[in-house]
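Topology and contacts: notes
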Amino acid sequence: MPRKVALLALFAASITLATFSLGRAQTSPAPQGAPPQVYRASLSDLMTAIIQPRHIKLGLAGQEKNWPLAAYELGNLKGAFDRTAQAWPIYRTTNMADLIEATTKAPMYAVAAAVKAADPDKFNETYEQLTETCNTCHQSIDHSLVVMRVPKASPYPDQDFRPVKP
Ligand code: HEC
């Protein structure tokens, strides 16, 4: 199937699904006084809430040559991937821990080495490779519409990514 057709089919399927759940939400409201249900974050919730911000913060810290913060954010990104695999051991039919390791382990090591060496050029190069592996996984798991890139500006007006002056 050509790529465009496949994407359209995916889009149509998600609209159908969205309409379906909307219909259900309207026709069967939770009974009054029912206990709240435990919220289970979807994989895309986790990607948006814990993976994407760490990826951005790591990039911004490295661009500012703030190596201690970059190391900290890299650790946070690793932890976020671990927790994602714990929450979603299998996504559709894919073992997430295996796929995360296969795609992100080597580039994360490379970024760690660049951070340790405090090497801005190496950082930019390896961070770009890491970003590409986000896309490799998205493509391999039928989500090529989700395209990550190197952040050019900070979406966090309340956080200073520059190195802390002693
Ligand atoms: C092991 C595979 C895998 C890796 C690695 C991965 N992702 Fe994802 N990502 C997914 C899947 C699968 C989805 C779609 C989930 C869904 O819609 O249910 C997704 C969706 C997303 C989304 C879309 C959420 C939305 O609603 O817009 C973002 C953003 C995202 N990923 C960011 C990243 C970033 C940044 C990285 C790399 C640091 C990354 N992902 C690495 C599998 C992966």
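Residues numbered from 1 in each chain as written. Predicted model: local features only at pLDDT ≥ 70, side-chain atom pairs only at ≥ 80, totals over all residues. Heavy atoms only, no water.

In this section: the packing of aromatic side chains. Across all of its chains, the model carries 3 aromatic pairs by this definition. With a centroid separation of 5.6 Å and an interplanar angle of 15°, the aromatic rings of Phe-123 and Tyr-127 are classed as stacked. Separated by 4 residues within a single helix, Phe-123 and Tyr-127 lie in helix H5 (residues 120-140), roughly one turn from each other. Judged by relative accessible area, which is 1%, Phe-123 ranks as buried. Directly above the ring of Trp-88 sits Arg-40, whose terminal nitrogen or CZ lies 3.7 Å from the centroid. The lysine or arginine in question, Lys-57, covers the ring of Tyr-156, its NZ or CZ lying 4.6 Å from the ring centre. (Phe/Tyr/Trp six-rings, centres within 6.5 Å; stacked < 30°, edge-to-face > 60°. Helix = DSSP H or I, 4+ residues; strand = E, 2+ residues; numbered from the N terminus. Buried < 20%, exposed > 50% of the residue type's maximum accessible area, 1.4 Å probe, protein only. Lys NZ or Arg CZ within 6 Å of the ring centre and 35° of its normal.)

This part takes up the pattern of salt bridges. The tally for this structure, following the rule as stated, stands at 5 salt bridges. Residues Asp-142 and Arg-92 are paired through a salt bridge, measuring 3.8 Å at the closest nitrogen-oxygen approach. Note that Asp-142 is positioned in the segment after H5 and Arg-92 in the loop between strand E1 (90-91) and strand E2 (94-95), a separation of 50 residues in sequence. With a shortest N-O distance of 2.8 Å, Asp-160 and Arg-162 are connected by a salt bridge. (Salt bridge = Lys/Arg side-chain N within 4 Å of Asp/Glu carboxyl O.)

The next thing to look at is the coordination of the iron atom of the ligand. Protein-derived ligands of the iron atom of the ligand are Met-47 (SD) and His-138 (NE2), with the metal-ligand distances lying across 2.1 to 2.4 Å. Given 6 donor atoms and angles of 85 to 179° at the metal, the environment of the iron atom of the ligand is assigned as octahedral. Here Met-47 is found in helix H2 (residues 43-63), whereas its partner His-138 is found in helix H5, with 91 residues between them in sequence. Residue His-138 is classed as buried on the basis of its relative accessible area of 13%. (Donors = N, O, S within 2.8 Å, 3.2 Å for Na, K, Ca; no water. Tetrahedral: all angles 85-135°; square planar, octahedral: opposite > 155°, others 65-115°.)

A few words on helix H3 (residues 67-87). With 21 residues, H3 extends 30 Å from end C-alpha to end C-alpha; this agrees with the ideal 30 Å at 1.5 Å per step. Inspection of H3 places Trp-67, Leu-69, Ala-70, Glu-73, Leu-74, Leu-77, Gly-79, Ala-80, Phe-81, Thr-84 and Ala-85 among the buried residues, and these make up the whole buried set. Where H3 is buried, its residues meet H2, helix H4 (96-116) and H5. (Expected span 1.5 Å × (residues − 1). Contact = heavy atoms within 4.5 Å.)

So, about the site of the ligand. In the region of the ligand, 21 residues are neighbours, and Met-47, Tyr-91, Cys-134, Cys-137 and His-138 sit closest. Tyr-91 is positioned such that a nitrogen or oxygen atom in its side chain is 3.1 Å from an oxygen atom of the ligand. In this structure, a nitrogen atom belonging to the ligand sits 2.8 Å away from a side-chain N or O atom of His-138. Of all the secondary structure elements, the ones that give two or more residues to the shell around the ligand are H2, H4 and H5. In terms of residues, the shell around the ligand owes the most to one element, H2, which gives 7 residues. Residues of the shell around the ligand, tallied by class, amount to 13 nonpolar, 8 polar and no charged. (Near = heavy atom within 4 Å. Polar contact = N/O pair within 3.5 Å; in protein donor to acceptor, adjacent residues only side chain to side chain. Nonpolar A, V, L, I, M, F, W, Y, C, P; charged D, E, K, R; others polar.)

Counting 31 residues, the largest nonpolar core has Leu-58, Leu-77, Val-111 and Phe-123 as its most contacted members. Of all the secondary-structure elements, those providing two or more residues to this core are H2, H3, H4 and H5. If we skip the residues at most four places from it in the chain, Phe-123 touches Leu-58, Gly-59, Gly-62, Gln-63, Trp-67, Val-111, Ala-114 and Val-115. (Core = buried A, V, L, I, M, F, W, Y, C linked by side-chain atoms within 4.5 Å.)

So far we have only geometry, and geometry alone does not tell us how the molecule works.
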